[in-house]
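# Reading the structure
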Amino acid sequence: MANLERKSKMSNWQFGMVITSGLLTARLLPTTSYVVSYAEQFAWFSSALAGLIFYLAAYLMIRLGEQFPRETIGEYIPRLFGNKFGSAVFLIFITVLLINIINCVTSLTKLTTIFLFDQTPYVVLVLMLLLAVVYCVMQEWGTILRVIQILVFALPLLYIFYSLIWLNFEPLNLLPLWPDNFIGILRGIVFHTAYYAGYESLLVLLPLARSGEVSFARTVGWGFLIITLIYVIGAVALVGGISAQTVASVPQPVVYAMKSIELPGTFIERLENYMIMFFVPVTYISMVISYFALVEGCRKYLKYNDHRTFIPVFLPLIFFVSIFIDTPQRYDAFRYFGMYVVLFFSFVVIPILLFLVWRKKGRKKNAKRNR
Amino acid sequence: MRRSTHSGFCKLSAKLQKQVQQIKNIGSAINEVIKGLHKVRSSDRQTFGFTKSIECNEQIVRSLLSRCDDIKYRNFQVGKAKALLVYLSGLTDTNKLEKTVIECLTSRLKSNESIDDINKIMNFLIITANVTVTTETKEAIANILKGNALLLIDGISDPLSIDIAKYEKRQVSKSENEDVARGPHDAFNETLVDNIALVRRRSRDPGLKIEIFEIGERTQTSVALLYVDDIIKPGLVDEIRNQLLSIRIDKVILSANIEEFLSNEVWNPFPQALTTERPDKVVAGLYEGRISIIVDTSPTALIVPVSFQDFMQSVDDYTQRPVVASLTRLTRYFAAFIAVFLPAIYVSIVSYHPGMLPSGLAFSIAELRGKTPFPSLLEAFLMEGLLEIFQEAIVRLPQKLAAAAGVVGALVIGTTVVEAALVNALLVVVIALTGLSSFSMPSYSFGMALRFFRVAALIAAAVFGLYGVGISFIVMVVFLCSLHTYGESYLGELFDITLFKDWKDGLVRFPAKFLTSRPKRLGTEDETRIGGED
């Protein structure tokens, strides 16, 4: 059976693509108005800074993962820092992934319920999406990787549709050009968690990638650069199209902007429907990556043979939480909770872990030298 | 006096009957002993072994081929010895048998000359090309049933199997199902030897290897495995050879019998082997690093391993200009999408999202739909059902009647059903377009598989609208990526960023001088196609 085995490793470019394709989801749509309410017409600047900062978080995670090649976070953290501390870190890690999945499900299905249907129950849409995600996660990584590589083509198509906002662009909406509200821009960065979260899965996916000539930091960096450019150009188009005041005051500003586009003489109408359709595969990718990272992480942590064992463990939890946060108040509360957990994990837990790992390695080196 | 004579006669006849019975018992006992002796002489795998006695050998052959009236026995003299030819009428060339065997043997040996050297007969007396000594009865019988003649000579225990088979067969003719505008027109027939010759005629490469196996416990059908030794992915030949040899089935009469055993996902509707009746397609496949399997009595060859994109390619792609071929190929992908999702998109837009249509069109559809009593899903199912029935009828009917059935179908679907207000006219257009798209697939079995997903997508669209269409598309992608043929993902390789080189002859077709390497996804030993330039 030489050379006939199923391929389950990914190249470093594939790794970069997987990590960054998981960033853009429907989750960002309701958050846009929060970002613009703080950063106003300088939302694009806030997005650019956020891209840099969140890449820094991803970079630290890559550095941490590279200290332990072939191991996931659930394997090396308990070994280094003991079971209690290790379990706590791992618990935060799976919470981050669960929050990401739930945010994706709820944002996409809410969008679908509001703009595509008026009668189909929200619960049914959640269930259908979750079952489709589970079907993909049931496959081995090689298959999931191939699915992602196909569905990622929805991303440029989505952006082409989104770019039609430029038709309503008015430069006056972007004035003044010089930012005077730096605090607002910085506060806007915090809300970009919904734009950039999802890279945490690399702590599990890193051992599945083959290291090549190009470093992981560079491939993921290229991905972040592309996504940041998409966000920056998107923010300029959105604010230029419907003004910062409008963006800040409507709940779904992107959909609102799409609704206002008219293409006379063409067959295409209700462009927001097309956009939502393209958001389905784009969000699906992020959910699949996070769900796989979640169950694969648990498999490694608890030393099981098959990641599928853990799929039904989390499915009811995701489903019931998604239904529970159906009301706007609960949804907002959950979004804030999720945002702070993700920020805590990325900018507090990971740097501390990396520092401790480096210190431990430094001590070992010193001990060897002394001998 | 008379009475005493009569009683004496009775006693005598009773005695005689007793003795006859005893003789019969002794006879049967002797037969048992003979059988036992044959068993002792024969090898482990067979019941009988040949002896030096021609009568005994004849008895063996006759008993093994009893009640086979098409088996002919021809006795003649070879010098002093008796000889017997056993052959199958209809599968043996009797004229050739007469000239090259009987005439040679009877004329070249004098009537008082004796012969006991089998090699002399084989090398000097018989003038046919292929003569072999057959020591095992099983093999001898199998050779007779293949059309060979079996020559038994008294005093020689090893019979000769003479390859003199000749049978009625269809001549090599034009391809019926894969016709091309430009390019060769000859196609496989039902004879393995002819089919192999058609392939060999296109390649004088000593690296092209052909292994022939007998598969089918009873039919013993010849199955040829073709590959190019120094190109094929290491291990692939062994894998497929083992698969073929492990097939335990009584009969192999179609190449599809073999195809099902090669498939690792038996419930998957998509074909996992490419079938073709074109030898040029087989040769092209072999030089891409694939394996071809040709089954005797079947005019279609199998090509493995294959993936989604291979079913989107046609021989015509390589006879047209690359730009035109690329556009045609892209059109096929679009047609495949339409064949699966167009009815689903129609149902979802009409039922859930009429706002996506221009208002004029939305009003005219609403007007049309107002005349029909059924919901759009039921209408779509009705039309789908009618399409399937007509398709089946046209495929099964003779060609002349099929044309008539097509006209009736078009009239019934196109006019009557709409006039009867069972379905609306737009749906007829949608279903007709869907049908045409599935017919445009180069592989018939692939087009059939697409129908399977069409129904699933239709149901998802009826329940969840465009959201359902999106989810069903994703599920279909996951399903197709999860299928594996010999390590290759069925759909996944199409957009694999590590296989950029394969895109030159995947979604599109680059000019021949740019196709310098074989498909990377097939993992060939020799990736370079010599003669190109990078």
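Keep in mind the model is a prediction, meaning the values are calculated, not measured. (Residues numbered from 1 in each chain as written. Chains lettered and ligands numbered in written order. Predicted model: local features only at pLDDT ≥ 70, side-chain atom pairs only at ≥ 80, totals over all residues.)

What follows deals with the overall build of chain B. Scanning chain B from N- to C-terminus turns up 15 helices and twelve strands. Relative to the globule expectation of 24 Å for 534 residues, the C-alpha radius of gyration of chain B, 33 Å, shows a markedly less compact shape. If you line up chain B on its principal axes, its C-alpha atoms span 125 × 75 × 40 Å. Across the 534 residues of chain B, 36% fall into the buried class. Of the contacts formed within chain B by residues at least 6 apart in sequence, a portion of 64% connects residues at least 24 apart. (Helix = DSSP H or I, 4+ residues; strand = E, 2+ residues; numbered from the N terminus. Rg over C-alpha atoms; globule rule 2.2 N^0.38 Å. Buried ≥ 20, exposed ≤ 12 C-beta atoms within 10 Å, placed from the backbone. Contact = placed C-beta atoms within 7 Å.)

With 33 residues of chain B in contact, the opposing surface of chain A contributes 36 residues. Mapped onto the side of chain B that touches chain A, the elements with two or more residues apiece are α7 (236–245) and α15 (444–482) of chain B. Looking at which element gives the most residues to the side of chain B that touches chain A, the answer is α15 of chain B, with twelve residues. Tallied by class, residues from the side of chain B that touches chain A come to 18 nonpolar, twelve polar and three charged. (Nonpolar A, V, L, I, M, F, W, Y, C, P; charged D, E, K, R; others polar.)

Time to look at the confidence of the model for chain B. On average, chain B scores 86 in pLDDT, and the residues at 70 or more come to 95%. Within chain B, the lowest mean pLDDT, 75, falls on helix α1 (residues 2–41) of chain B, and the highest, 95, falls on strand β9 (residues 291–295) of chain B. (pLDDT = per-residue confidence, 0-100.)

Residue and element names in this part refer to chain B. Spatial strand order, β6-β7-β9-β10-β8: five strands in an open sheet with antiparallel pairing. Each edge of the open sheet carries a strand with a single partner, namely β6 (208–215) and β8 (274–276). The mean inter-strand angle of the sheet, taken between neighbouring strand axes irrespective of direction, is 25°. Bridge analysis of β9 against strand β10 (residues 301–304) gives three bridges, and the strand direction is antiparallel. Bridging across to β10, Ile291 finds its partner in Val304. (Pairing = 2+ DSSP bridges. Axes fitted to C-alpha atoms, helices over the stretch in contact; angles between N-to-C directions.)

Before going further, it helps to examine the sheet that holds strand β4 (residues 149–153) of chain B. All names here are of chain B. An order of β1-β2-β4-β5-β3 is seen for the five strands of this open sheet, with the pairing classed as antiparallel. Because the sheet does not close on itself, it has two edges, and the strands there are β1 (71–78) and β3 (131–133). For this sheet, the mean angle separating the axes of adjacent strands, direction not counted, is 25°. Contacts from helix α5 (residues 137–146) reach β2 (81–88), β4 and β5 (160–162) within the one sheet, and its direction differs from that of β2 by about 55°.

This part is about the environment of Ile325 of chain A. All names here are of chain A. Within the secondary structure, Ile325 sits in the loop between α16 (311–324) and α17 (328–370). With 22 C-beta atoms counted inside 10 Å, the residue Ile325 sits in the buried group. Residues Ile325 and Ile102, spaced 223 residues apart in sequence, show a C-alpha to C-alpha distance of 9.5 Å.

All names here are of chain B. With respect to burial, β4 is a largely interior element, five of its five residues being buried. Burial along β4 is two-sided: Ala149, Leu151 and Ile153 and Leu150 and Leu152, pointing in opposite directions, are all buried. Examined bridge by bridge, β2 and β4 share four bridges and lie antiparallel to one another. Its bridge partner lying in β4, Leu85 is registered against Leu151.

Attention now moves to the domain arrangement of chain B. All names here are of chain B. Once the domains are mapped, chain B shows domain 1 (54–162), domain 2 (192–306) and domain 3 (318–489). Just the C-alpha atoms count here: the centres of domain 2 and domain 3 sit 34 Å apart. Every contact between the two is made by 13 residues of domain 2 and, on the other side, nine residues of domain 3. Those elements giving two or more residues to the side of domain 2 that touches domain 3 turn out to be α7 and β8. Residue composition of the side of domain 2 that touches domain 3, grouped by class: eight nonpolar, three polar and two charged. (Domains from an automatic or database assignment.)

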